[in-house]
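A closer look at the structure
Okay, here's what each chain looks like letter by letter:
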Amino acid sequence: MNYENATKFDSHFSNRVVSKAVTDQKSSGRCWMFTGMNVLRNQAIRHHNLPADFQFSQAYLFFYDQLEKSNLFLQAMIDTYKKSIDDQEVQWLFKNPIGDGGQFTGVANLIAKYGLVPSDVMPEEMAAQKGMTPQKLQAKKTEMLATIYRMLALTFGEPPAQFTWQQKDAKGEIVETATYTPMEFYEKFAKTDFSKYYMVMNDPTREYYKVYEIQYDRHVYDGQNWRYLNLPMENIAPMCIASIKDSTMMYFSCDVGKFLNRDNGLMDMNNYDYESLMGTTFGMDKKQRVATFASGSSHAMTLCAVDLDKDGKPLKWMVENSWGPNYGWQGNLIMTNDWFNEYMFRVVLEEKYIPANILKMMDQQPIMLPAWDPMFAPEE
């Protein structure tokens, strides 16, 4: 530990989107979902004067995430039933049938298909056979999904088809009592045009200014694969600053464990002096770390603040985490700009914060990458 560096901890930010409450994903890999819903939650609280502790139900959306991923896997088995068990695609599917990790495309697809409910309505806790044809396999899949649905209902409770909810204002006074379906609740409190959200990424191992798509990397069989535009950091930071200045949080992911001080939540390249301790140097740059599997995106959080110098250049950034309010600095993690450049990988931006020349690049035919590419493990 570099104790001299620890005394320089600074929690002041020149530009910050104020958050009202920190969520807690517990011991799960659902950071992608908490982060995406936190972006919508902050907007709902501001636009509808909701209480500071208002949350959308994570259990509701996760129920359908697991059901849809089960369908995605079973349908993939049908789609590849003529391939050998030794085929790389088939082997990858069996190694990755279902999990709780994910990314922003899953948030968009699931909410657009199933809507949202408030957390108090559904709280946390709770082809090789002879003669087999695709039609017979579809029937077996339907049977299997019924079993999976029952298992999910036993674990999370059954998602409500309709519910009655008391809307309270920031002072706790009841404003309205109404009955909603999940889609009606989403339409009123968090309606979002996800087609205007774009993921950009900094992956120096691949060509910049190109669009990439990852096979099978989606949460819903009839949804969209994960797609992103690869950009250098000098293009990404100004768009993030513009979003924060306009009081809009962003879905953000990074290699969270590198140089992280878990006590104060500071991510700083100078937190630990490994070179003096070991008597050697660690000289790999970001491209080399990614290429040798020494670094990659591991966790999604909500980018909410930036501290700018007198020339408008970023000094440090802050993200709202989902590891509870007692982790890090009041539930947040703070990163220096040097750390941001080295270990930030992905951010999702609304269209209005993206310059026209960069937005035009999104129209490219994407380069398809295989599902087993190590750079694209789900964020947890």
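Let me begin by describing the structure that accompanies this report. (Residues numbered from 1 in each chain as written. Predicted model: local features only at pLDDT ≥ 70, side-chain atom pairs only at ≥ 80, totals over all residues. Heavy atoms only, no water.)

With respect to helix α4 (residues 88–95)
Of the residues making up α4, those classed as buried are E89, V90, W92 and L93. The arc that holds the buried residues of α4, viewed along the axis, is 160°, so those residues lie on one side. The inward-facing, buried residues of α4 contact α3 (58–79). If you check the start of α4, you find a side-chain oxygen 2.9 Å away from the backbone N of E89, and it comes from D87. (Buried < 20%, exposed > 50% of the residue type's maximum accessible area, 1.4 Å probe, protein only. Helix = DSSP H or I, 4+ residues; strand = E, 2+ residues; numbered from the N terminus. Arc of directions from axis to C-beta. Contact = heavy atoms within 4.5 Å. Polar contact = N/O pair within 3.5 Å; in protein donor to acceptor, adjacent residues only side chain to side chain.)

So, the nonpolar core
In terms of nonpolar packing, the biggest core is built from 60 residues, with F56, F104, L116 and F185 touching the most fellow members. The residues touching F56, leaving out its near neighbours within four places in the chain, are M37, L40, R41, A44, L116, V117, P118, S119, F185, F189 and A190. Core analysis: the second largest hydrophobic core is formed by 47 residues, L231, A237, M249 and M318 among them. (Core = buried A, V, L, I, M, F, W, Y, C linked by side-chain atoms within 4.5 Å.)

Here's the deal with the packing of α3 against helix α5 (residues 104–114)
When two helices pack together, their arrangement is captured by the angle between the axes and the distance separating the axes. Relative orientation of the contacting elements α3 and α5 amounts to 105°, with a least axis distance of 10 Å. The orientation of α3 with respect to α5, classified from their angle, is roughly perpendicular. Here Y60, L61, Y64, D65 and E68 of α3 come into contact with α5, specifically with L110, I111, K113 and Y114. Split by residue class, the contact of α3 with α5 holds six nonpolar, no polar and three charged. (Axes fitted to C-alpha atoms, helices over the stretch in contact; angles between N-to-C directions. Parallel < 35°, antiparallel > 145°, perpendicular 65-115°, else oblique. Nonpolar A, V, L, I, M, F, W, Y, C, P; charged D, E, K, R; others polar.)

Let's talk about the environment of K69
With respect to the element layout, K69 can be found in helix α3. Placed 37 residues apart in sequence, K69 and G106 show a C-alpha to C-alpha distance of 10.0 Å. If sequence neighbours within four positions are ignored, K69 has contacts with W32, P97, I98, G99, D100, G101 and H219.

A closer look at the pairing of strand β5 (residues 211–214)
Looking down a regular strand, the side chains alternate between one sheet face and the other. Here β5 shows no split at all, with V211 and E213 on one side and Y212 and I214 on the other all buried. Bridge analysis of β5 against strand β6 (residues 227–230) gives three bridges, and the strand direction is antiparallel. Residue pairing across strands places E213 opposite R227, the latter belonging to β6. (Pairing = 2+ DSSP bridges.)

With respect to the environment of D338
Its location among the elements puts D338 in helix α11 (residues 337–343). You can call D338 exposed: its relative accessible area is 55%. Sequence separation between D338 and H219 is 119 residues, and the spatial gap between their C-alpha atoms is 33 Å.

Things to note about the packing of α5 against helix α7 (residues 182–189)
Remark: α5 packs on α7, axes separated minimally by 8 Å, with the N-to-C direction vectors making an angle of 115°. Residue-level inspection shows I111, A112, K113 and Y114 of α5 in contact with α7, the latter providing P182, M183 and Y186. Counted by class, the contact of α5 with α7 contains six nonpolar, no polar and one charged residues.

Thoughts on the packing of aromatic side chains
Going through the model one piece at a time under the given rule, you end up with 30 aromatic pairs. When the ring of Y64 is compared with that of Y114, the centres are 3.9 Å apart and the planes differ by 10°; the resulting orientation is stacked. Linking Y64 in helix α3 with Y114 in helix α5, this pair joins segments that are 50 residues apart in sequence. A single burial state applies to Y64 and to Y114, both of which are buried. Geometrically, the ring pair formed by W226 and Y228 is tilted, given 6.5 Å between the ring centres and 55° between the ring planes. With a relative accessible area of 1%, Y228 lands in the buried category. When the ring centre of F62 is taken as reference, the NZ or CZ atom of R30 above it lies at 5.4 Å. (Phe/Tyr/Trp six-rings, centres within 6.5 Å; stacked < 30°, edge-to-face > 60°. Lys NZ or Arg CZ within 6 Å of the ring centre and 35° of its normal.)

A word on a nonpolar patch on the surface
Judged by side-chain polarity, Y274, L277, M278 and F282 come together as a nonpolar surface patch covering roughly 480 Å² of accessible area. Inspection of the secondary structure puts F282 in the loop between α9 (274–278) and α10 (286–291). (Patch = residues over 30% accessible without salt bridge, like charges linked within 9 Å, V, L, I, M, F, W, Y side chains within 5 Å. Areas by Shrake-Rupley, 256 points an atom, 1.4 Å probe, with all protein chains shown as cover. Salt bridge = Lys/Arg side-chain N within 4 Å of Asp/Glu carboxyl O.)

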